[in-house]
Structure formats: C-alpha cells, structure tokens
Amino acid sequence: MRRVVCPGSFDPVTNGHLDIIGRASRQYDEVVVAVLINIEKKSLFTVEERIEMLQTVTKEYGNVRVDKFHGLLVDYCRQQEIPAIVKGLRAISDFDYELQMAQLNYRMSGVETLFMATGPEVSFLSSSRIKEIVRYGGDVAGLVPELVEERLIERLRG
Ligand code: PNS
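Along each chain, the written sequence defines residue order, and numbers are assigned to residues from 1. In view of the model being predicted, local features appear only for residues whose pLDDT reaches at least 70, and side-chain atom pairs are presented and counted only at 80 or more, with totals across whole chains, interfaces and linings using the full set of residues. With hydrogens and water set aside, each side-chain value is computed from the structure's full complement of heavy atoms.

**What to know about the nonpolar core**
Residues grouped as a nonpolar core are buried Ala, Val, Leu, Ile, Met, Phe, Trp, Tyr and Cys residues, joined through side-chain atoms within 4.5 Å. Exposed residues in this analysis have more than 50% of their type's maximum accessible area, buried residues have under 20%, and partly exposed residues fall in between, with area computed by a 1.4 Å probe over protein chains only. Grouped together as the largest cluster of nonpolar side chains are 35 residues, with contacts concentrated most on Phe10, Ile21, Val31, Val33, Leu54 and Leu152. Those elements giving two or more residues to this core turn out to be strand E1 (3-8), helix H1 (15-27), strand E2 (30-36), helix H2 (47-58), strand E3 (64-69), strand E4 (84-89), helix H5 (127-135) and helix H6 (146-157). Not counting residues up to four positions away in its chain, the partners in contact with Leu152 are Pro12, Leu44, Phe45, Ile130, Lys131, Val134, Val144 and Arg157. Membership of the second largest hydrophobic core comes to 11 residues, among which are Ala34, Phe69, Val74 and Val111. The helix count covers DSSP runs of H or I at least four residues long, the strand count covers runs of E at least two residues long, and both are numbered beginning at the N terminus. Contacts are assigned to residue pairs that have any heavy atoms within 4.5 Å of one another.

**Some thoughts on the pairing of E2**
In terms of burial, E2 is largely enclosed, as 6 of its 7 residues are buried. In the sheet, E2 pairs with E3 via 6 bridges, with the strands oriented parallel. Within E3, the residue paired with Val31 across the bridge is Val64. By convention a crossover is right-handed if, when the strands point away from the viewer, the path from the first strand over the helix to the second runs clockwise. A crossover connection joins E2 to the parallel E3 through H2; in handedness this β-α-β unit is right-handed. Strands pair, by our definition, only if DSSP identifies at least two bridges between them.

**Quick word on the site of the ligand**
Around the ligand sit 13 residues in total, of which Gly8, Ser9, Gly71, Leu72 and Leu73 are the nearest. Think of a polar contact as two N or O atoms within 3.5 Å of one another; within protein, one of them needs to be a possible hydrogen donor and the other a possible acceptor, and neighboring residues in sequence only count if both atoms come from side chains. One of the side-chain N or O atoms of Ser9 is found 2.6 Å from an oxygen atom in the ligand. Separating an oxygen atom of the ligand from a backbone N or O atom of Leu73 is a distance of 2.9 Å. Burial of the ligand by the protein chains amounts to 74% of its free accessible area of 560 Å². Every element with two or more residues in the shell around the ligand is listed here: E1 and helix H4 (92-109). Sorting elements by how many residues they give to the shell around the ligand places H4 first, with 3 residues. By convention in these notes, a residue is near a molecule or strand provided one of its non-hydrogen atoms lies within 4 Å of it. Residue-level accessible areas treat just the shown protein chains as cover; the underlying method is Shrake-Rupley with a 1.4 Å probe.

**Topic: the pattern of salt bridges**
Any Lys or Arg side-chain nitrogen located within 4 Å of an Asp or Glu carboxyl oxygen qualifies as a salt bridge. By the definition in use, this model includes 12 salt bridges. Between Asp11 and Lys131 there is a salt bridge, and its shortest N-O distance comes to 3.0 Å. Separated by 120 residues along the polypeptide, Asp11 in the loop between E1 and H1 and Lys131 in helix H5 bring together distant segments of the chain. Under the relative-accessibility criterion, Asp11 is labelled buried at 6%.

**With respect to the UniProt feature "binding site: substrate" (unreviewed entry) in the chain**
Mapped onto this numbering, the UniProt entry annotates "binding site: substrate" (unreviewed entry) at Ser9, Lys41, Leu73 and Lys87. In this fold, Leu73 is placed in helix H3 (residues 73-80). Excluding anything up to four places from it in sequence, Leu73 contacts Val5, Pro7, Ile85 and Asn105. Inspection of the secondary structure assignment puts Lys87 in strand E4. UniProt positions are given in the numbering used here, feature names are shortened, and annotations may be inferred rather than shown by experiment.

**Structural notes on the state of the cysteines**
The criterion for a disulfide is a pair of cysteine sulfur atoms lying within 2.5 Å. What the rule picks out here adds up to 0 disulfides. The cysteine Cys6 is free of any disulfide, with Cys77 supplying the nearest cysteine sulfur at 11 Å. With a relative accessible area of 6%, Cys6 lands in the buried category.

**Concerning H5**
Of the residues making up H5, those classed as buried are Ser127, Ile130, Lys131 and Val134. All buried residues of H5 lie within an arc of 100° about the axis, which places them on one face of the element. Downstream of H5 by one or two residues, Gly137 has phi in the positive range, about 90°. Think of it as the arc spanned by the lines of direction from the helix axis to the C-beta atoms.

The following block contains the structure:
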C-alpha cells in the first residue's frame, strides 16, 4: 500500500488544496489528509468542521482519508506508517519555509517530502486571502468548493 500524507490547517480547504490532494490521489494508493490541531492559532472553523468539509469535497476521489493530528507531523507519520509527505508549492515565496521543514522532518525521521507544483489556475490561493475576500463581500466562486463558499458566507457574514 503506497500511502502519503497531505498535512495542513485547511481553514478552510480551497481549490488549491484540492488540486494537490486530487493529483496525489492519482499517484498513491491512499492519501491521508491530516488536519493540524493547533490550539495556539485562532481558526475560523473548528477541526471537526474542517474535517467534515474535507470529507465531503474529497469523497469523489475514493482513496482519500481525512484525519487530524497534533504535535509533530513526523510522529504522526510514524504512528500511521506513512513514509512521505506531499506539499504544494505555489511560488518561490513558499520555498524557504517548506525546504527548511522538509529537511528538518527528514533529519528527524527519514520521512520524505515530495513537492508538487500547484496548478497555475490556483497558485494565487490561500485560505487567509479567501477569508478576507468573503469577509469584505467579495466573490470566491470557483476558488473554493460550493459547500465551503456557503459555510464561509454563513460564518463571516451571517
Ligand atoms: O496549512 P499550513 O498551516 O501551512 O500547514 C502547516 C503544517 C501543518 C504542515 C505544519 O505546520 C506542520 O507540519 N505542523 C506540525 C508540527 C511540525 O511537525 N512542525 C515541523 C517541525 S520541522
């Protein structure tokens, strides 16, 4: 069984995340989408809400499982017997941070990090920008799944 983890905050999931998850699901037998439980970071959606949205929007892939984790990602990988992490790179600005994390993760555990170039049609997306757009009345149709758009409008304008 070839398994890979796609970790993140997913607050909320965007079409950029789905681009990476979907493409990884075609390369691996199973993709585990792991939501970080981070009590220090203020989030818009609870971990359970984020998981529920992720489960709904990844259902069609068939081989994607959604889970949560806390602490070090490499410890989660070890527990779950996952040998590799997949990350999307949107632009060179992502690179410094991601390279450092990939090298540290490998040094700590031998867990590999594989980078995938984000599709150019979604490379400008981030959950923070999406929340900002919705908060101030902008349109995010086509940038996030419809379900997520509805939940964002409900939460930020409701
Ligand atoms: O979506 P994000 O917030 O950019 O995802 C970041 C995430 C969850 C991948 C990263 O912060 C992470 O792996 N956190 C867990 C703690 C950890 O393992 N840190 C790495 C130390 S080198």
